[in-house]
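Letter by letter, the chains look like this.
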Number of protein chains: 4
Amino acid sequence: MTLLPRDRGKPPGASSRRLANALAQAGRAFYARGWALGTSGNFSAVLRRQPLRLLITPSGLDKATLNAQHFLEIDGDCNVLRGSRKSSAEALLHLAVARVRGAGAILHTHSVWSTLLSDLHAAEGGLGISGYEMLKGLEGVKTHEHREWLPIVENSQDIPALAASVETVLRSHADSHGFLLRAHGLYTWGEDVAQARRHVEILEFLLEVQGRRESGEVGRGRA
Amino acid sequence: MTLLPRDRGKPPGASSRRLANALAQAGRAFYARGWALGTSGNFSAVLRRQPLRLLITPSGLDKATLNAQHFLEIDGDCNVLRGSRKSSAEALLHLAVARVRGAGAILHTHSVWSTLLSDLHAAEGGLGISGYEMLKGLEGVKTHEHREWLPIVENSQDIPALAASVETVLRSHADSHGFLLRAHGLYTWGEDVAQARRHVEILEFLLEVQGRRESGEVGRGRA
Amino acid sequence: MTLLPRDRGKPPGASSRRLANALAQAGRAFYARGWALGTSGNFSAVLRRQPLRLLITPSGLDKATLNAQHFLEIDGDCNVLRGSRKSSAEALLHLAVARVRGAGAILHTHSVWSTLLSDLHAAEGGLGISGYEMLKGLEGVKTHEHREWLPIVENSQDIPALAASVETVLRSHADSHGFLLRAHGLYTWGEDVAQARRHVEILEFLLEVQGRRESGEVGRGRA
Amino acid sequence: MTLLPRDRGKPPGASSRRLANALAQAGRAFYARGWALGTSGNFSAVLRRQPLRLLITPSGLDKATLNAQHFLEIDGDCNVLRGSRKSSAEALLHLAVARVRGAGAILHTHSVWSTLLSDLHAAEGGLGISGYEMLKGLEGVKTHEHREWLPIVENSQDIPALAASVETVLRSHADSHGFLLRAHGLYTWGEDVAQARRHVEILEFLLEVQGRRESGEVGRGRA
């Protein structure tokens, strides 16, 4: 049984519209901060678990004016069930996060600092961030002494292979709140759109702190 | 006698609404500048001195859409007298500043530069800033030759202990217009919300100047 | 035959207004990001190919409030066919891009990073950028392994000579999606305004990544 | 004869309101870019030459919500002819620029980069900027080969003495489009508010370019 033929023309329900509006608002805010320029970035939320249904931004869309009508509904095999645009190839990564982490919303941003740091720390396989109060905003973290490890996955245009690498990394770093694709950007997620958006803001903030710290050696002039 | 049972359902007065609106406006502006991302930051104003009553942001709230209705009223023991949300643990620090400094409004921001500098200068116990005209915007400062000392308090998740450290620091640095929590952020205050907001803008500006100066060694290329 | 006498007073058609609105919206957004301050930057779109007609921003206009009414219509010799303002001298460069590349829209921005990098890399004749996922947003690029070469043209106030240099560079670097004028800024283009705007956002993003990478040696502090 | 008694309660004319609106709009825009935080910055325009009358921001005003009603009218001795607030001490510097340069509008901003560079280059007595296309936006400059010299005046709280130093500098550097007060900020001006605002945007842009160039040694990593 497949919902494809029946759903295609059906209008989305109220809960789907609410999710799409929350995702669109987050996306426009990220664009304004320079974290989703040039049609980069994609944003999704889980509509249903069994079978898996995702609301997701289409491929190649400008995020400046992102709105609820732009979103697609896809199934667990990346088939578009509703919406007239093409799904992004990276939808496979969203599906992987939804499955392995049970996330309700998955957000992917391309910032200057995540691009730089994910490239410069690729050889170490990840980036560790610790000691900052801001870490406490990550779900389940109770102290600034927490060490967040953001694994770095080598970038690839073979998206099924990339999705498999991401699944492996998600399973071997079960405590991580996000991961980086090398010279590409950040993925993070949450139980709902609000939590995922909070995680984007926190991780992008910490990446900027880390990037400025490494690049500038702030403080070397003292003492 | 306690106002708890009687106040709980009573609507806030006009002066309380005015204060809440001013705090909400400041909070949204700080969020827009990246100084209160990821639900970080909290903002308060004194409603009454005897007994002490504070209007304060609740715990874990997104500051993007902060409005007057979100604010709680708490007493001097952190009991919530009005409002349905949970008080932030850091409300104890706001109460300490209100008591020791007689402040009318207390604002706490988490910027990239305050996070970095409060960590890198922790060993010195504080950060001295002097020579800048912008210092004159701090209440009572009459010349750019003023040296502002921002004490740095070691961060801790034991908030009552942290509040005690903050009280000690406030008393031993009676001239300081703010203090830093290590790798955490800035606290400053004022007689009213406008003055406290001015102090946030001035100190965040000076922290950025200081951070860029230390990190970049601006000027080393000349002559 | 020339359209000059007949067109001069005629109101612009719907398609021209649509193009002008899209260009104005892009220009205001660039101004907001600091890429077109102080009346810098100019923006154009092709109205007609045979004979060539360009819609273009006039000389010396503040981009903060740029709107559709500000745009001029010019012919292939820089004569103003519609609009009361003066054409920018750099209109010759827009005409060169429209002719050599067959672009539908040409956008020129002055950012801090393009100004810096175009000066510091001038001796090499250009700037190579590779390895970043963001490159895939450039039309026709299929992989982050792409190497984008942004040729740097020596700046000059002899605009006809500059236009000739630009034509030579456009022909000798047929794959480039943009070029830099030394210590001046970026030119890029696209089939339509949306594609050209995407290219501005992508190239400005990559120039910031490159500039921060070179200036800060981000990552030198690790390991 | 003095206009003081007659003018005091008279409503401002249409031309005064237009000027005040243009200044207020510029001031809010500078505040948004972080160039007039914490009540810093002041903005003026000449209402009349003989005798000299200036429209100017009052002392200590928050620029976030600056509007036309906030402006004072002062005479050549800093007496307030219209408006209920106190004039800024720095009004003397505005009067000096209006007199010596014949400026129609004078704008003073406090940015991070002007604060830093005016301090680090104070020993040289000024900062030279050359080679950038953006320089052509300065009134009368025809080529990027122009060298703009921004004299740096030692900061002082003795404002009459500071105004005298500024007058001397304005006369000895008759070609300069602005000057810096050490560790304080930028003054620039123009024939009207639009030209003065263009000069602020251009000089602040160039100060950022210069500051990043010096601090980062951008490009040292190449070849």
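Now for a quick tour of the structure. (Residues numbered from 1 in each chain as written. Chains lettered and ligands numbered in written order. Predicted model: local features only at pLDDT ≥ 70, side-chain atom pairs only at ≥ 80, totals over all residues. Heavy atoms only, no water.)

Considerations on the overall build of chain A
Let me state the cut-off plainly: Each helix is a run of DSSP H or I of at least 4 residues and each strand a run of E of at least 2, with the numbering of both proceeding from the N terminus. Our radius of gyration is a C-alpha quantity, and the globule rule it is checked against amounts to 2.2 Å times the number of residues to the power 0.38. For each residue, the accessible area found with a 1.4 Å probe, counting protein chains only, is set against the maximum for its type, and the residue is called buried under 20%, exposed over 50%, and partly exposed in between. Throughout, a residue-residue contact means that at least one pair of heavy atoms, one from each residue, lies within 4.5 Å. All accessibility values rest on the Shrake-Rupley procedure with a 1.4 Å probe; residue burial counts only the protein chains present in the view. In this count, Lys and Arg are taken as positive residues and Asp and Glu as negative ones, while His and the chain termini are left out. Charge positions come from single atoms, namely NZ of Lys, CZ of Arg, CG of Asp or CD of Glu.
Looking only at helices and strands, one finds six helices and nine strands in chain A. Its C-alpha radius of gyration of 18 Å places chain A within 12% of the 17 Å reference for a compact globule of 223 residues. Principal-axis analysis of the C-alpha atoms places the extent of chain A at approximately 70 × 35 × 35 Å. Every one of the 223 residues in chain A was classed for burial, and the buried ones make up 61%. Pairs at least 24 apart in sequence give 64% of the contacts found in chain A among residues at least 6 apart. A total of about 8500 Å² of accessible surface is found on chain A, and carbon and sulfur atoms cover 48% of it. Computing the positive centroid from 27 side-chain charges and the negative centroid from 23, chain A places the two 7 Å apart.

Brief notes about the packing of aromatic side chains
The geometry of two aromatic rings is summed up by the distance between their centres and the angle between their planes. Put simply, the test is: Working definition: a ring pair exists when centres of Phe, Tyr or Trp rings (six-membered ring for Trp) sit within 6.5 Å. Plane angles under 30 degrees give stacked, over 60 give edge-to-face, the rest tilted. Should the NZ of a Lys or the CZ of an Arg lie within 6 Å of a ring centre and within 35 degrees of the ring normal, that charge is described as sitting over the ring.
In the structure shown here, the tally under the stated rule is 16 aromatic pairs over all chains. Measuring from ring centre to ring centre gives 5.9 Å for Phe-30 of chain A and Trp-35 of chain A, while their planes differ by 40 degrees; the resulting arrangement is tilted. Since its relative accessible area comes to 1%, Phe-30 of chain A is described here as buried. Ring plane angle 40 degrees and centroid distance 6.1 Å describe the contact between Phe-179 of chain C and Trp-189 of chain C, whose orientation is recorded as tilted. Of this pair, Phe-179 of chain C sits in strand β8 (residues 178–181) while Trp-189 of chain C sits in strand β9 (residues 185–190), and the two are ten residues apart along the sequence. Residue Trp-189 of chain C is classed as buried on the basis of its relative accessible area, which comes to 8%. Aromatic ring contacts, followed pair by pair, group Phe-30, Trp-35 and Phe-43 of chain A into a single cluster. Lying across the ring of Tyr-31 of chain B, Arg-33 of chain A places its NZ or CZ 4.9 Å from the centre.

A closer look at the packing of helix α3 (residues 91–101) of chain D against helix α5 (residues 159–172) of chain D
All names here are of chain D. Put simply, the test is: Geometry is summarised by axes, namely lines fitted to C-alpha atoms with helices restricted to the contacting stretch, and by angles between N-to-C directions that run from 0 to 180 degrees. Oblique is the label for any angle not under 35 degrees, not over 145, and not in the 65 to 115 range, which are roughly parallel, roughly antiparallel and roughly perpendicular in turn. Handedness of a crossing follows from how the near helix is turned relative to the far one, being left-handed for an anticlockwise turn of less than a right angle and right-handed for a clockwise one. Three residue categories are used. Nonpolar comprises Ala, Val, Leu, Ile, Met, Phe, Trp, Tyr, Cys and Pro, charged comprises Asp, Glu, Lys and Arg, and polar comprises the others, including Gly.
In contact at an axis separation of 9 Å, α3 and α5 are set at 25 degrees when each is read in the N-to-C sense. In terms of axis orientation, α3 runs roughly parallel to α5. When you trace α3 past α5, the crossing you get is right-handed. For the pair α3 and α5, contact is made by Leu-92, Leu-93, Ala-96, Val-97, Val-100 and Arg-101 and by Ile-159, Pro-160, Leu-162, Ala-163, Val-166, Glu-167, Leu-170 and Arg-171, respectively. Looking at the contact of α3 with α5, its residues break down into eleven nonpolar, no polar and three charged.

So, the interface of chain C and chain A
We apply this condition: Accessible area that two parts lose when put together, with a 1.4 Å probe and added across both, is what the buried area reports. Here, a salt bridge means any Lys or Arg side-chain nitrogen found within 4 Å of an Asp or Glu carboxyl oxygen. Contacts described as polar in this section are N or O atom pairs within 3.5 Å, which, within protein, must combine one atom able to donate a hydrogen with one able to accept it, while residues neighboring in sequence count only if both atoms come from side chains.
Taken together, the contact pairs 26 residues of chain C with 33 residues of chain A. Summed over both partners, the interface of chain C with chain A buries about 2400 Å², with 57% contributed by carbon and sulfur atoms. Our count for the contact surface shared by chain C and chain A stands at one salt bridge. The partner of Arg-213 of chain C in a salt bridge is Asp-119 of chain A, and the shortest N-O contact between them spans 2.8 Å. Scanning the region where chain C abuts chain A turns up twelve residue pairs in polar contact (both at pLDDT 80 or more). Class assignment of the residues belonging to the side of chain C that touches chain A gives a composition of seven nonpolar, six polar and 13 charged.

Details of the sheet that holds strand β6 (residues 126–130) of chain C
All names here are of chain C. The condition that has to hold: Two strands are said to pair when DSSP picks up at least two bridges between them.
What the nine strands build is an open sheet, ordered β4-β3-β2-β1-β5-β9-β8-β7-β6; its pairing is mixed. Unpaired on one side and paired on the other, β4 (80–82) and β6 mark the two borders of the sheet. Shown here is a sheet whose adjacent strand axes are inclined to one another by a mean of 25 degrees, direction ignored. Along the sheet, helix α3 (residues 91–101) makes contact with β1 (42–48), β2 (53–56), β3 (72–75), β5 (105–109), β8 and β9, crossing β2 at roughly 130 degrees.

Regarding the relation of the copies chain B and chain D
Note the threshold: For the least-squares superposition of copies, only C-alpha atoms count, and only for residues with pLDDT at least 70 in both.
By a simple turn and slide, chain B fits onto chain D: the slide is 0.0 Å along the axis, the RMSD is 0.0 Å, and the turn is 90 degrees. A rotation of that kind, with that shift, is consistent with a four-fold axis. Both copies present different contact surfaces, since only 19% of the interface residues of chain B are interface residues in chain D too.

Observations regarding helix α3 (residues 91–101) of chain A
Listed as buried for α3 of chain A are Ala-91, Leu-93, His-94, Leu-95, Ala-96, Val-97 and Ala-98 of chain A. Count one or two residues on from α3 of chain A and you reach Gly-102 of chain A, which has phi positive near 65 degrees.

As for the relation of the copies chain C and chain A
Rotating chain C by 90 degrees and moving it 0.0 Å along the rotation axis overlays it on chain A with an RMSD of 0.0 Å. A low fraction, 19%, of the interface residues of chain C reappear at the interface in chain A, so the copies pair through non-equivalent surfaces.

Focus: the interface of chain B and chain D
The partner chain D presents 33 residues to the 26 residues of chain B that form the contact. Summed over both sides, the interface between chain B and chain D buries roughly 2400 Å², with carbon and sulfur atoms accounting for 57% of that surface. Here chain B is connected to chain D by one salt bridge. The tally of links from chain B across to chain D stands at 13 residue pairs in polar contact (both at pLDDT 80 or more).

Some words on the sheet that holds strand β2 (residues 53–56) of chain B
Residue and element names in this part refer to chain B. Pairing is mixed in the open sheet, where nine strands are placed in the order β4-β3-β2-β1-β5-β9-β8-β7-β6. Only two strands of the sheet have a single partner each, and these edge strands are β4 (80–82) and β6 (126–130). Neighbour-to-neighbour, the strand axes of this sheet turn through a mean angle of 25 degrees, independent of strand direction. As judged from the four bridges shared by β2 and strand β3 (residues 72–75), these two strands associate in the antiparallel manner. Looking at the pairing, Arg-53 lines up with Asp-75 of β3. Its contacts with the sheet put helix α3 (residues 91–101) on β1 (42–48), β2, β3, β5 (105–109), β8 (178–181) and β9 (185–190), and the angle it makes with β2 is roughly 130 degrees. Contacts from helix α5 (residues 159–172) reach β7 (147–153), β8 and β9 within the one sheet, and its direction differs from that of β7 by about 160 degrees.

Brief notes about the arrangement of the chains
For the non-touching pair chain B and chain C, the nearest C-alpha separation works out to 8 Å. Left apart from each other, chain A and chain D have a closest C-alpha approach of 8 Å.

Overview of the pattern of salt bridges
Residues and elements named next belong to chain D. A full pass over the atoms with the stated rule returns 36 salt bridges over all chains. Close ionic contact of Arg-182 with Asp-119 constitutes a salt bridge, the shortest N to O distance being 2.9 Å. With a gap of 63 residues between them, Arg-182 in the loop between β8 (178–181) and β9 (185–190) and Asp-119 in helix α4 (residues 112–120) connect regions that are remote in the sequence. Given the relative accessible area of 27%, Arg-182 is considered partly exposed.

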